Amino acid sequence: MNPAHFPLITAALLALAAAVSMLRLLHWQRRRDPSLPPRHGRLATLLLAQPLLAALLYLALFPPAKPTQAGTLTVLTAGVLAQIAHTTGDILVALPEAPAHAEAEAVPDLATALRRHPQARRLHVVGAGLEARDREAARGRALVFDAAPPPTGLVDLEWPAQIAAGNDFTVHGRLAGLSGAAVELLDPAGQRLQRAVPGDDGRFALQGAARAAGRATFSLRVVDAGGATRETMPLPLRIAAPAPPRLLVLAGAPGPELKYLRRWAGDAGIALHTRIGTGAGLVLGDAPLRIDADTLRRFDALLLDERSLQSLGDGEMRALSDAVREGLGVLLRMTGPLSSADRARLRGWGFGVDAGAASETTRLRDGDATLAALRGPGSADAPLSADEPVPALPSLTRRALRIEAADAVPLLHDAQERPLAYWRAHGRGRIALVTLTDSFKLVLAGRGERHAGIWSEAIAIVARGDGASAPPMPWPLWEGERATLCDLADDAGIVAPDGARIALHPDPAGGARRCAAFWPAQPGWHLLRQGEAETPFAVLPAQAGAAWQAQRRREATLALAAQAPADVPVQAGPPRRGPSWPWFLAWLLASASLWAFERRRRTPSAVSAASA
């Protein structure tokens, strides 16, 4: 039997049933006791109810069609509202994250939906937005996004996936919809490092420090106005232990600045070779070295002052300039006036400077970013307590040196935003000029962490790189979410936290990038292994940062909609049957009311009145 004939057959059967019911009622009326008073209103109601009930039952079985738009694929995502039943799309699909919908076709992903419905030329996304696995399939198509209400909570977060041991790091983020809330940064042991109250825009910044190399998981805790924890977000961090830079120090004379610089370098594990002139041809420090190409090639950075620069011969200066062009970093401390010869040498390095005969007092910026974690525990003879107040920064001295270089980048600022150091690229290397002359006073004032921070940043910027780099890793990663890894070797594989080994198979059509997809099945630290090289990376739990994930989906889908091509012309498509439950509910209510009406008996007073 042709299914197209079912509505007609059903309508005929229901009409027949209604007619039979009406004939039964008329027959009952004819056989009614004539002594009873007439009840024409009751009979008329029962007769009219029969076709009405039949019509409602028919509409419940075959609901009326409603207009559609040809080529529109309505995609239900997480957070979609139940009212989406009134959509006008001709095809309705639900992704796995969407709540159950009686009329939507369940699909595992958007690409599958598009393969099943190739006529779809326009996407109508409803809800929280598309997951990462579906965005590539939606790219390049006309897309309209009906977004769910914005999420509430921690909606934005940024922190480094990897830093070097001994460095500090900053966590940036934003809260939405949480009035009076605060955020706290916790170390791997659960101790609070810093607390901050977001600004009016919900943004905040917290600072921590990484002491030892390895894998560590810090935490960000969101606390509401009442002190209750609203959310705790893990912050996995890979703390690398790079090879310490090899530093050559040339000084024209001993002094406290040089003393504390050498002490800092030793504490930081920097391979240090020192040559200090004392006058009359005498030199202190390590074994003398010739300043030539072979010697400079053995070091990553050179730290010298203007006196040492003056003492370099023309041959040594040429060797130094060549070494910088090959990648050597130079850090020049400006502690006194410059001669015309010194200024000429600096012009050869791209810096235009004056004599800098005067000096002036300055003070560094000191804000809420200073933490007990950055200061450390101190030493056995001078321990530091986390509750101990942080000493104020002392006044320092800088050379009043005017520096002109179009491509110079400020390296350090004082409290008045005046640059205290500059650096610029010279060939493959970098050269920095530092006008601060007595940074050692920071150590004497109990602020050794600022002293170490200044010089570690300066050395890190100018020092020659080791040339080794880890493969780029997508970040952040969540459990169950697809990730794409590129630049893979033939033997690339992943070791999961439970020891399971997962082989990676680069897409042969991907070209030279050699990319492969990876779906992490569990959270925790994974290991990308390629030959002898190993790169740790972290996978966040699926439920971590729910509001942040929702915000990322929302923003990514809005970006797709903004970049979508011009909307294709939409025409009326074949009608689609509407929902049947309203008609079934109406039929059920009408049937129950009629059943109660039929069995209602007259009251005794009405019967007595009729008999009289």
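Above this text you will find the structure in question.
K.L.:
Residue-level account of the pairing of strand β30 (residues 524-530), with values.
P.N.:
Most of β30 sits inside the fold, with 5 of its 7 residues counted as buried. Across 3 bridges, the pairing between strand β27 (residues 493-495) and β30 is antiparallel. Residue pairing across strands places Ile494 opposite Leu528, the latter belonging to β30.

K.L.:
Before we move on, could you go through the packing of helix α5 (residues 256-267) against helix α12 (residues 448-462) and cite the residues and values that matter?
P.N.:
Across the interface, α5 lies against α12 with an axial gap of 11 Å and an inter-helix angle of 75°. Comparing the axis directions of α5 and α12 gives the class roughly perpendicular. Between α5 and α12, the residues in contact are Glu257, Tyr260, Leu261 and Trp264 and His451, Ala452, Trp455, Ser456 and Ile459, respectively.

K.L.:
Got a sec to walk through the pattern of salt bridges? Specific residues and values, please.
P.N.:
If you walk through the whole model with that rule in mind, you get 27 salt bridges. With its nearest N and O atoms 2.1 Å apart, the salt bridge here joins Arg398 to Glu360. On the criterion of sequence distance, the pair formed by Arg398 in strand β21 (residues 396-399) and Glu360 in strand β20 (residues 359-362) is long-range, its members being 38 residues apart. Judged by its relative accessible area of 27%, Glu360 is partly exposed. A salt bridge links Glu449 to Arg447; the nearest nitrogen and oxygen atoms lie 2.8 Å apart.

K.L.:
Provide a residue-level description of the packing of aromatic side chains, including the pertinent values.
P.N.:
Scanning all chains against the criterion turns up 8 aromatic pairs. Ring geometry for Phe518 versus Phe537: centroids 6.3 Å apart, planes at 90°, classification edge-to-face. Separated by 19 residues along the polypeptide, Phe518 in strand β29 (residues 516-518) and Phe537 in strand β31 (residues 533-539) bring together distant segments of the chain. Residue class for Phe537 comes out buried when judged on its relative accessible area of 5%. Put simply, the rings of Trp159, Trp475, Trp478 and Trp548 touch in pairs and so form one group of aromatic residues. Across from the ring centre of Trp548, 5.6 Å away, lies the NZ or CZ of Arg552, which sits over that ring.

K.L.:
Outline a nonpolar patch on the surface, supporting the account with residue identities and numerical values.
P.N.:
Side chains of Phe6, Ile9 and Leu13 sit close together on the surface and give an oily, nonpolar patch of about 270 Å² of accessible area. With relative accessibility at 55%, the residue Leu13 sits in the exposed group.

K.L.:
How would you summarise the pairing of strand β15 (residues 271-279) if you had to cite specific residues and measurements?
P.N.:
Here 6 bridges tie strand β14 (residues 246-251) to β15, and the two strands are oriented parallel to one another. When the bridges of β15 are listed, Leu250 appears paired with Arg275. Handedness of the β14-α5-β15 crossover: right-handed. In this structure, β15 lies alongside strand β16 (residues 282-285), joined through 4 bridges in antiparallel fashion. By the bridge assignment for β16, Gly277 is matched with Val283.

K.L.:
Lay out the sheet that holds strand β13 (residues 229-240) in plain terms, naming residues and giving numbers.
P.N.:
Through backbone hydrogen bonds, the strands of a sheet pair up, either in parallel or in antiparallel fashion. With respect to topology, 5 strands assemble into an open sheet ordered β7-β13-β12-β9-β10, the strand pairing being mixed. Every other strand in the sheet has two partners, leaving β7 (162-164) and β10 (192-196) as the edge strands with one partner each. Across the sheet, the mean angle separating the axes of adjacent strands is 30° when strand polarity is ignored.

K.L.:
Please set out the sheet that holds strand β11 (residues 203-209) residue by residue, giving values where relevant.
P.N.:
Taken together, the 3 strands give an open sheet; going across it, the order is β6-β8-β11, and neighbouring strands pair in antiparallel fashion. With one partner strand each, in any of the chains shown, β6 (153-158) and β11 form the two edges of the open sheet. Averaged over all pairs of adjacent strands, the angle between strand axes in this sheet comes to 30°, irrespective of strand direction. Of the strand pairs in this sheet, β6 and strand β8 (residues 168-176) are connected by 5 bridges, and their pairing is antiparallel. Residue pairing across strands places Asp156 opposite Arg174, the latter belonging to β8. The strands touched by helix α13 (residues 546-563) are β6 and β8; relative to β6, the strand with the most contacts, the crossing angle is about 75°.

Cut-offs and rules
Residues numbered from 1 in each chain as written. Predicted model: local features only at pLDDT ≥ 70, side-chain atom pairs only at ≥ 80, totals over all residues. Heavy atoms only, no water. Buried < 20%, exposed > 50% of the residue type's maximum accessible area, 1.4 Å probe, protein only. Helix = DSSP H or I, 4+ residues; strand = E, 2+ residues; numbered from the N terminus. Pairing = 2+ DSSP bridges. Axes fitted to C-alpha atoms, helices over the stretch in contact; angles between N-to-C directions. Parallel < 35°, antiparallel > 145°, perpendicular 65-115°, else oblique. Contact = heavy atoms within 4.5 Å. Salt bridge = Lys/Arg side-chain N within 4 Å of Asp/Glu carboxyl O. Phe/Tyr/Trp six-rings, centres within 6.5 Å; stacked < 30°, edge-to-face > 60°. Lys NZ or Arg CZ within 6 Å of the ring centre and 35° of its normal. Patch = residues over 30% accessible without salt bridge, like charges linked within 9 Å, V, L, I, M, F, W, Y side chains within 5 Å. Areas by Shrake-Rupley, 256 points an atom, 1.4 Å probe, with all protein chains shown as cover. Right-handed = clockwise from strand over helix to strand, strands pointing away.

Note that every value here comes from positions in space, so none of it alone points to a role or purpose.
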